[in-house]
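Observations on chain architecture
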Amino acid sequence: MKRVLRDVVLGAMSVATVGAGTVLATSSDAYAQEGTQGAAPAAEQSGVAIRRILVEGNQRIEPATITSYLLVRPGDTFDAERIDLSLKTLFATGLFADVQIEQRGGDLVVAVIENPVINRVIFEGMRTLDEEDLEDEVQARPRSVFTPARAQGDVQRIIEVYRRAGRFAAQVTPQVRELDQNRVDLIFEVDEGPVTGVRDINFIGNEAFSDRRLRDAIVTAESSWWNFFSSNDNYDPDRLEYDREQLRQYYNNRGYADFRVVSAVAELTPDQKDFFITFTVDEGPRYEFGEIRVQTALNRLPEELLRSAVPIRTGTEFRGDLIEDAIDSMSYIAGTVGYANVDIVPMIERDPETRRVNITFEVDEGPRVFIERIDIVGNTRTIDPVIRREMMVSEGDAFNRVLLDRSRQRIRALGFFGDVTVEDADGSQPDRSVVTVTVEEQSTGELAFAAGYSSTESFLFDVSITERNLRGRGQFLRLRASSSSQRQQVDIRFTEPRFLGREIAAGVDIYSLRTDFSSQSSFENQSTGIGLRTSFPVSDRTSLGLTYSLIQDDTEITDAYVSVGSEVVEQCDEANVNRPYLCEQEGTFLTSVLGATINMDRRNDPIRATRGFDLQLRQDLAGLGGEVNYLRTELEGGIYYGLGRGFRASFRGSAGFIDGWGGDDVRINDRFFKGGSSFRGFDVAGIGPRQLIVNNTTGEIEDIGDALGGNVFAIGTLQLDVPLPLPESFSLGSALFVDFGTLGVIDSGNRESIPVDSDSSLIVDDSASLRVSAGVSVFWDSPFGPVQFDFAHPIESEEYDKTEEFRFSTRTNF
């Protein structure tokens with residue numbers, strides 16, 4: 001059969017009448033006004049009964065299916081009105097390109113031309129969009145019936161998709177390629193045209209805020225050469241409506257309660273390449289909060305208690321978001337005393353004369369509602385049970401807003417999702433509610449790189465592959481390798497968050513670590529170990545973890561030679577009476593360690609906390625088997641406080657103590673070494689006890705020797721997160737920080753002075769003196785992954801400390 005490629009035209013195909021007889025109605029007559037020709041002859045036959053109904057021209061559709069749409073049956077008389085309605089009904093099915101009904105004696109003949117069936121839907125000329133983007137929009141599908149009207153409708157849908165992508169000059173031409181057996185290939189030829197950008201964004205009527213500040217408040221951005229990673233610099237009508245709401249919130253949260261956007265107009269430039277966008281606004285007067293009242297009839301919720309939870313003070317600038325915060329705070333308070341459902345209605349009264357907004361919160365107990373169903377939406381990779389097991393309510397439970405909020409925090413704390421929302425809607429009955437948890441999957445795989453540069457020219461390179469949501473089941477797997485002038489490490493870490501289906505996390509660690517502190521402490525250590533971990537919750541926000549590790553350490557003292565009489569021997573030779581005390585720690589040792597960790601988390605948000613604190617207490621006991629005995633205790637925690645407008649203050653602190661038992665001193669590789677990322681401004685192992693060669697007469701330091709690590713440390717960090725006055729598209733942030741702390745104290749047997757010659761001696765300074773550094777961190781959420789730059793300057797230090805004033809790290813997600 002000849003294959004023809006032709007354009008699709010809107011309308012029915014014209015078909016000549018075949019056969020002999022009286023034409024009662026055609027497809028063109030079906031939409032003509034009543035009284036036209038074609039129905040008249042039927043009037044002459046109105047008294048004749050229909051003997052048979054014959055169907056002609058059908059290929060795929062059964063005759064019985066066609067006759068089922070008719071309003072007449074054999075034995076009925078030829079009724080022009082009913083036959084005309086029958087034809088309209090057949091044509092409305094969309095199965096036929098043309099339909100004719102005629103009378104041949106006593107037979108009613110229905111002649112049809114079937115619409116072809118679509119074999120394939122093909123998109124040609126696409127460069128910027130994927131076929132999947134358009135397949136989801138068009139209604140045409142393989143094996144569906146083709147009609148020109150539907151094809152034209154799909155053309156408009158495709159054009160709308162390109163408009164949303166900023167391509168207003170896109171053109172789409174539908175064509176059909178005719179095949180045998182009444183089939184066609186439907187082809188959409190796309191001419192995408194250029195991207196329609198935003199040349200300028202203007203504001204009219206704004207006096208309180210400049211155009212630049214308002215541009216930062218909206219999502220749409222002006223087209224710039226550096227915005228090649230952003231799609232917000234093209235014109236999108238839907239985004240423009242969102243920008244109207246963003247402006248309203250911006251003004252509403254800065255005292256302008258009467259603000260409104262009069263109009264938002266987009267005008268195409270003369271060259272039809274860009275748009276000019278103009279917002280006309282009416283700011284209105286600036287308000288402040290007036291009288292704030294709370295009215296409640298609930299016995300266990302006194303007005304004073306609710307009023308104390310309202311974060312609004314009379315005389316302060318009006319902010320619309322504080323009203324929502326007040327409702328959330330009072331709902332939370334109500335939930336803690338047993339009211340799972342409360343209705344809080346803010347009655348807002350504006351006084352234009354005094355420019356004050358008086359608010360009365362009316363609090364009443366809401367109806368008792370039960371959760372009918374919990375729907376999980378958006379988890380394209382993570383399986384439902386991983387999310388449902390973090391929910392603190394189940395289907396059939398009483399609706400509880402507090403528990404739903406905590407469930408949202410638990411889901412966010414997984415770190416699998418960029419955004420998590422929990423919404424409720426009416427169920428099948430008035431006392432039923434449907435809870436919808438909507439998640440936005442984000443990359444949980446991470447390919448991380450880290451590099452550092454220090455004032456002592458040491459260089460660090462670290463690479464790791466991490467998957468925090470293995471197979472969508474919430475399992476954690478990390479493969480890591482790092483190398484530097486001080487250490488080479490390879491480790492594997494795996495965690496199953498729900499071991500045996502219970503709320504118990506279990507994991508295993510296998511690692512090999514070679515530490516080269518020959519330039520800092522004159523020793524090298526090869527450590528190989530395996531560890532088992534488990535943890536479980538003991539309360540809502542407290543968990544207990546247990547660990548067991550079996551570690552083999554092989555410690556070697558750096559080769560050095562000294563003169564003993566007339567001979568030259570290694571410094572650890574028994575003949576050297578001044579052999580360093582480190583020589584006693586050379587050898588292979590097996591360590592068996594049992595540990596326990598208590599974690600407390602009282603933060604309001606596990607990702608970006610603005611209130612609350614977290615605390616971790618860890619204790620390890622070595623000596624239940626093996627050859628090493630010690631007790632190590634570490635404490636770490638943080639406090640967070642949001643200051644508004646993107647500012648956040650935080651304090652993080654850590655402290656630790658290790659002590660040998662059973663007559664053992666603490667070995668050097670078990671001590672604490674601080675610096676680098678743990679104390680910015682100082683190199684790795686840059687602070688703490690150190691061997692020094694000093695002049696016996698003046699006490700001056702002649703040479704700086706090895707870092708020895710310490711048995712005790714305490715480090716704190718004060719940090720202020722500062723938003724940068726740059727567009728959000730730059731994805732830059734910063735923080736000011738001050739690190740302060742100390743590291744010191746080693747066992748008394750390791751502090752002996754060793755004569756070097758008649759004028760100098762080798763001593764150990766393990767005084768826990770204070771160190772302080774300050775600096776700034778810059779964070780860049782780059783397209784390749786987050787990057788952090790740390791610039792630090794030591795303020796308080798010892799003259800033998802090793803400093804590091806610049807450090808950076810980066811990682812990329814997959």
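The structure reproduced in this document is the subject of the present report. (Residues numbered from 1 in each chain as written. Predicted model: local features only at pLDDT ≥ 70, side-chain atom pairs only at ≥ 80, totals over all residues. Heavy atoms only, no water.)

Here we take up the environment of Leu414. With respect to the helices and strands, the residue Leu414 is situated in the loop between helix 11 (401-413) and strand 16 (417-426). A C-alpha to C-alpha distance of 9.1 Å links Leu414 and Ile387, two positions 27 residues apart in sequence. Setting aside chain neighbours within four positions, we find Leu414 in contact with Val386 and Glu390. (Helix = DSSP H or I, 4+ residues; strand = E, 2+ residues; numbered from the N terminus. Contact = heavy atoms within 4.5 Å.)

Only one face of strand 3 (residues 52-56) is buried, namely the one carrying Ile53 and Val55, since none of Arg52, Leu54 and Glu56 on the opposite face is buried. In the sheet, strand 3 pairs with strand 5 (residues 107-114) via five bridges, with the strands oriented parallel. Across the sheet, residue Val55 finds its bridge partner in strand 5, namely Val110. (Buried < 20%, exposed > 50% of the residue type's maximum accessible area, 1.4 Å probe, protein only. Pairing = 2+ DSSP bridges.)

Attention now moves to the packing of aromatic side chains. Within the structure shown, the criterion is met by 15 aromatic pairs. With centroids separated by 5.2 Å and ring planes inclined at 75°, the aromatic side chains of Phe209 and Tyr251 adopt a geometry described as edge-to-face. Of this pair, Phe209 sits in the loop between strand 9 (197-204) and helix 6 (211-217) while Tyr251 sits in helix 7 (residues 237-252); the two residues are 42 residues apart in sequence, bridging distant segments of the chain. An identical accessibility class is assigned to Phe209 and Tyr251; each is buried. Between Phe209 and Tyr256, the aromatic rings sit 6.1 Å apart at their centres with planes inclined by 70°, giving edge-to-face as the arrangement. Taken together, the positions of Phe209 in the loop between strand 9 and helix 6 and Tyr256 in the loop between helix 7 and strand 10 (260-268) put the pair 47 residues apart, joining distant regions of the chain. Among the residues examined, Tyr256 registers a relative accessible area of 8% and is labelled buried. Among the aromatic residues, ring-to-ring pairing joins Phe209, Tyr250, Tyr251, Tyr256 and Phe259 into one connected group. Over the ring of Tyr641 we find Arg611; its NZ or CZ atom is 4.0 Å from the centre of that ring. Sitting over the ring of Phe713, Lys674 keeps its end group 4.3 Å from the ring centre. (Phe/Tyr/Trp six-rings, centres within 6.5 Å; stacked < 30°, edge-to-face > 60°. Lys NZ or Arg CZ within 6 Å of the ring centre and 35° of its normal.)

Once that is clear, we can look at the environment of Asp703. Relative to the elements of secondary structure, Asp703 occurs in strand 33 (residues 701-707). By relative accessible area, Asp703 is classed as partly exposed at 43%. In this structure the C-alpha to C-alpha distance between Asp703 and Tyr800, which are 97 residues apart in sequence, comes to 8.9 Å. Setting aside anything within four residues of it in sequence, one finds Asp703 in contact with Leu692 and Ile693.

This brings us to the sheet that holds strand 9. If you walk across this open sheet you meet the three strands as 9-11-10, and the pairing is mixed. Whereas interior strands pair on both sides, the edge strands pair on one side only; in this sheet they are strand 9 and strand 10. Pairs of neighbouring strands in the sheet enclose a mean axial angle of 15°, with direction left out of account. Inspection of the sheet shows strand 10 paired to strand 11 (residues 274-282) by eight bridges, in the antiparallel sense. Of the residues in strand 11, the one forming a bridge with Arg260 is Asp282. Along the sheet face, helix 7 touches strand 9, strand 10 and strand 11 and points at about 150° away from the line of strand 10. (Axes fitted to C-alpha atoms, helices over the stretch in contact; angles between N-to-C directions.)

This part is about a negative patch on the surface. The grouping of Asp130, Glu131, Glu132, Asp133, Glu135 and Asp136 at the surface amounts to a negative patch. Tracing the backbone shows Glu132 in helix 4 (residues 131-135). (Patch = residues over 30% accessible without salt bridge, like charges linked within 9 Å, V, L, I, M, F, W, Y side chains within 5 Å. Areas by Shrake-Rupley, 256 points an atom, 1.4 Å probe, with all protein chains shown as cover. Salt bridge = Lys/Arg side-chain N within 4 Å of Asp/Glu carboxyl O. Lys, Arg positive; Asp, Glu negative; His and termini not counted. Charge placed at Lys NZ, Arg CZ, Asp CG, Glu CD.)

Right, let's get into the pairing of strand 4 (residues 96-104). Most of strand 4 is tucked away: eight of the nine residues are buried. As judged from the eight bridges shared by strand 4 and strand 5, these two strands associate in the antiparallel manner. Note on strand 5: the bridge partner recorded for Ile101 is Val110. The loop that links strand 4 with its antiparallel partner strand 5 comprises two residues; one of these, Gly105, has a positive phi angle of about 65°.

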